[in-house]
Amino acid sequence: MATVDGLEVAKHNSKKSCWIVLESNVYDVTSFLSKHPGGAAILLKQAGSNATTEFKKYHPLDYVNDLPPGSLLGAIDPNTLGKLNAPKESISKPSESVDLDKEIPHLSLCVSCPDFERAAKAVLPHKSYIYASTSANTGLSLKTNLDDWSRINFRPRVMRNVGDVDTHRSIFGHSSPYPFYISPMGTLGAIHPGAEPEMVKGAVRKGAHMVVSTASTKTSEQIMQTYVDEAKRLNGASPSRLFYQYYMPVDRKKAIDLMHIVKKAGYNGLWITVDTPVLGKRTADRVLQAEEAIAVGVEEDATAEWETGNENSFAPSMGGRPVSGQLSPHTTWEDLKWIRKEWDGPIVLKGIQCAEDAKLALEYRCQGILLSNHGGRQLHTAPSSLMTLLEIRTYCPEVIGKLEIFLDGGLRDGSDVLKALCLGATAVGVGRPFMYALAAYGAQGVERCIDVLSEELATGMRLLGITSLDQVRPEMVNATRLLNEMWRPEPVAVRSRL
Ligand SMILES: Cc1cc2nc3c(=O)[nH]c(=O)nc-3n(C[C@H](O)[C@H](O)[C@H](O)COP(=O)(O)O)c2cc1C
């Protein structure tokens, strides 16, 4: 391979010609600028420089294979590294409501989930905080997720000998001390230097389930290896409690290869994300990208890109989003047939948002559904997962018991977990609180967040009058307020007049 001089690389520092160094190689990414799902500005800030550190925050290094053919120019001459440009600084203004006190609170001061967000806000770079917290459009889906948990109340029983409580639950036969798991979240390298392995360590130490994202910074094998190593270190061996969230690559061969890699690595189930045929409008990301584009002088390209609407021009976003080639708007239910042939373990559809699709999932022989609106990051004014669960209970109750049912979105308290279980959920996913805990405290924060939720859950069970999750029943909650607002089919007479 040819050797390239650092001084030469440094000259290619504009949108007309943009070269970057990744590990020991030089790449010409000029033609990729307009296609980069994270926007052109993030690449231009690295133009003519060594972009390895920044790149690794967002992607496994083998993502370079997705660059257009001919991008690899050669190996960087190691004696000329000093001649490269320095990467331009990211915009680092504090968000309007940021805590002025930048000290991270002592971990023991995190006694409920929102405390982790305050701590994370104090330490995370502005851009990473925006990535974690952003939601779709004006944020109504996220708001509904958070609000709906408080619109259901308990109907507690008293004097029931609640001295000892058992919070164990199994997911597809894999038991855990908790009925909640860590939701899949991409690009954890932008949140903590230890990225996904650091999150996994926290999960293993407590015995919690975790679903690993396709958009992880580390490969699925590296993440599983961390699980195995940490489990061995703790107690010799332990069954894997990891599941894999699958963004199905558009290319069928790549899609099958990825499934085989994941299966071989030892993941217990495939959670196919179905609520992202395209990326939602991540408003705060867009503002930040526009600011960065203006700063490097590419603002006109940045807007043109998201208006073209072709398959590969996803709305600019940063990190976490599936890259082009990994997200297809053409996926249909029929695809489940060939997926089923390649994957013989449990399949969960992540992102079910109405009763009809819950029924279809059963018909297409899935083993589970995850009621979710992607943490309010996809469809504007989507239903909360609680509302979807109520809809399923009303219109297709037969799926409960035949499918394992998971919920996520806005859960911030162990009592929320309990409400979902009363209404028939197998287990629930928690996203941002774990991400914030990781950001501020690493694996220890993740452990603490599990303890916080678990203690709230156990206390909630005692105060509700139960000692085991086998005893949860729908009549233990009052969901009338949500039921009153639940969707109902239009009366036939009204429909026929239209
Ligand atoms: C920063 C971030 C990244 C995410 N990345 C993914 C992902 O890669 N794949 C996926 O299926 N869902 C992803 N999600 C959605 C979560 O799996 C989950 O549905 C959501 O976070 C639950 O809502 P909560 O954060 O309010 O708990 C992400 C969510 C966040 C906040």
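Residues numbered from 1 in each chain as written. Predicted model: local features only at pLDDT ≥ 70, side-chain atom pairs only at ≥ 80, totals over all residues. Heavy atoms only, no water.

## Points about the sheet that holds strand β1 (residues 3–4)
Phase 1: With mixed pairing, 4 strands are arranged side by side in an open sheet as β1-β4-β3-β2. At either end of the open sheet lies a strand with only one pairing partner, and these are β1 and β2 (19–22).
Phase 2: Direction of pairing for strand β3 (residues 25–28) relative to strand β4 (residues 72–76): antiparallel, over a ladder of 3 bridges. Counted as the bridge partner of Tyr27 is Leu72 from β4. (Pairing = 2+ DSSP bridges. Helix = DSSP H or I, 4+ residues; strand = E, 2+ residues; numbered from the N terminus.)

## Remarks on the packing of helix α15 (residues 414–422) against helix α17 (residues 443–464)
For any two helices packed against each other, the geometry is given by the interaxial angle and the distance between the axes.
Phase 1: Running from N to C, α15 and α17 point in directions that differ by 55 degrees, and their axes come no closer than 7 Å. In terms of axis orientation, α15 runs oblique to α17. Seen from above, α15 lies across α17 with right-handed handedness. Only Leu453, Glu456, Leu457, Gly460, Met461 and Leu464 of α17 make contact with α15, whose side of the interface consists of Gly414, Ser415, Val417, Leu418 and Cys422.
Phase 2: When its residues are assigned to classes, the contact of α15 with α17 shows 7 nonpolar, 3 polar and 1 charged. (Axes fitted to C-alpha atoms, helices over the stretch in contact; angles between N-to-C directions. Parallel < 35°, antiparallel > 145°, perpendicular 65-115°, else oblique. Left-handed = near helix turned anticlockwise from the far one by under 90°. Contact = heavy atoms within 4.5 Å. Nonpolar A, V, L, I, M, F, W, Y, C, P; charged D, E, K, R; others polar.)

## Points about the nonpolar core
Phase 1: Ranked by size, the top nonpolar core spans 99 residues in total, and within it Leu407 and Phe434 carry the most contacts.
Phase 2: Of all hydrophobic cores here, the second largest spans 22 residues; its members include Tyr27, Leu33, Ala40 and Ala293. (Core = buried A, V, L, I, M, F, W, Y, C linked by side-chain atoms within 4.5 Å. Buried < 20%, exposed > 50% of the residue type's maximum accessible area, 1.4 Å probe, protein only.)

## Some thoughts on the pairing of strand β15 (residues 427–430)
Phase 1: With burial as the criterion, each face of β15 is covered, one bearing Ala427 and Gly429 and the other bearing Val428 and Val430.
Phase 2: For strand β8 (residues 180–182) and β15, the ladder comprises 3 bridges, and the chain directions are parallel. Its bridge partner lying in β15, Tyr181 is registered against Gly429.

## Here we look at the site of the ligand
Phase 1: Contacts to the ligand come from 23 residues, most closely from Pro184, Ser213, Thr273, Asp408 and Arg412.
Phase 2: Here Tyr247 contributes a side-chain N or O atom positioned 3.0 Å from a nitrogen atom of the ligand.
Phase 3: In the environment of the ligand, a nitrogen atom lies 3.3 Å from a nitrogen or oxygen atom belonging to the side chain of His374.
Phase 4: Here the ligand has 600 Å² of accessible area as a free molecule, and 99% of this is covered by the chains.
Phase 5: Counting residues per element, the ones that place at least two in the shell around the ligand are α5 (126–133) and α16 (432–441).
Phase 6: Of the residues contributing to the shell around the ligand, the split by class is 7 nonpolar, 11 polar and 5 charged. (Near = heavy atom within 4 Å. Polar contact = N/O pair within 3.5 Å; in protein donor to acceptor, adjacent residues only side chain to side chain. Areas by Shrake-Rupley, 256 points an atom, 1.4 Å probe, with all protein chains shown as cover.)

## A word on the pattern of salt bridges
Phase 1: What the rule picks out here adds up to 16 salt bridges.
Phase 2: A salt bridge links Arg233 to Glu230, with the shortest nitrogen-to-oxygen separation between them at 2.8 Å. Placement of the pair is Arg233 and Glu230 together in helix α8 (residues 220–235), with a separation of 3 residues, close to one helical turn.
Phase 3: Salt bridges sharing common partners tie together Arg205, Glu230, Arg233 and Glu447. (Salt bridge = Lys/Arg side-chain N within 4 Å of Asp/Glu carboxyl O.)

## As for unusual backbone geometry
Phase 1: Backbone geometry places Met159, a non-glycine residue, at a positive phi of 55 degrees.
Phase 2: Tracing the chain through its elements places Met159 in the loop between β5 (153–154) and β6 (169–171).
Phase 3: Residue classification places Met159 among the exposed positions, given a relative accessible area of 82%.

## Here we look at the packing of aromatic side chains
Two numbers describe a pair of aromatic rings. These are the distance of the centres and the angle of the planes.
Phase 1: This model, assessed by the stated rule, comprises 11 aromatic pairs.
Phase 2: An angle of 40 degrees between the planes, with centres 4.7 Å apart, marks the rings of Trp271 and Phe406 as tilted. Taken as a pair, Trp271 in strand β11 (residues 270–273) and Phe406 in strand β14 (residues 404–408) lie far apart in primary sequence, 135 residues in all.
Phase 3: By relative accessible area, Phe406 is classed as buried at 0%. (Phe/Tyr/Trp six-rings, centres within 6.5 Å; stacked < 30°, edge-to-face > 60°.)

## What about the side chain of Glu456?
Phase 1: Checked against the element boundaries, Glu456 lands in helix α17.
Phase 2: Buried charge without a salt bridge: Glu456, with Arg448 as the nearest opposite-charge side chain at an N-O distance of 9.7 Å.
Phase 3: Look past the residues within four positions of Glu456 in its chain and what remains in contact with it is Val111, Ser112, Arg412, Asp413, Gly414 and Ser415. (Lys, Arg positive; Asp, Glu negative; His and termini not counted.)

## Considerations on the pairing of strand β10 (residues 242–246)
Phase 1: Counting buried positions along β10 gives 5 out of 5 residues, so the element sits mostly inside the fold.
Phase 2: Summarising the sheet, strand β9 (residues 209–212) and β10 pair through 3 bridges and their orientation is parallel. Each bridged residue has a counterpart across the sheet, and for Val211 the counterpart in β10 is Phe243.

## Some thoughts on the state of the cysteines
Structurally, a disulfide amounts to a covalent bond that connects the sulfur atoms of two cysteines.
Phase 1: The final tally for this structure, using the stated rule, is 0 disulfides.
Phase 2: For Cys354, which is in no disulfide, the shortest distance to another cysteine sulfur is to Cys396 and amounts to 8.6 Å.
Phase 3: Assessed through its relative accessible area of 22%, Cys354 is described here as partly exposed. (Disulfide = S-S within 2.5 Å.)

## Observations concerning the environment of Asp115
Phase 1: Within the secondary structure layout, Asp115 lies in helix α4 (residues 113–123).
Phase 2: On the basis of relative accessibility, which here comes to 12%, the residue Asp115 falls in the buried class.
Phase 3: Linking Asp115 and Ala437, residues 322 residues apart in sequence, is a C-alpha distance of 8.8 Å.
Phase 4: Among residues more than four places away in sequence, those in contact with Asp115 are Leu109 and Cys110.
Phase 5: In terms of polar contacts, Asp115 uses its side chain to reach the side chain of Arg118, at 2.5 Å.

## Points about the environment of Leu142
Phase 1: Of note, Leu142 is situated in helix α6 (residues 140–148).
Phase 2: Assessed through its relative accessible area of 15%, Leu142 is described here as buried.
Phase 3: Residues Leu142 and His374, spaced 232 residues apart in sequence, show a C-alpha to C-alpha distance of 9.1 Å.
Phase 4: If near-sequence neighbours (up to four positions away) are discounted, Leu142 is found in contact with Ser133, Ser135, Gly375, Gly376 and Arg432.

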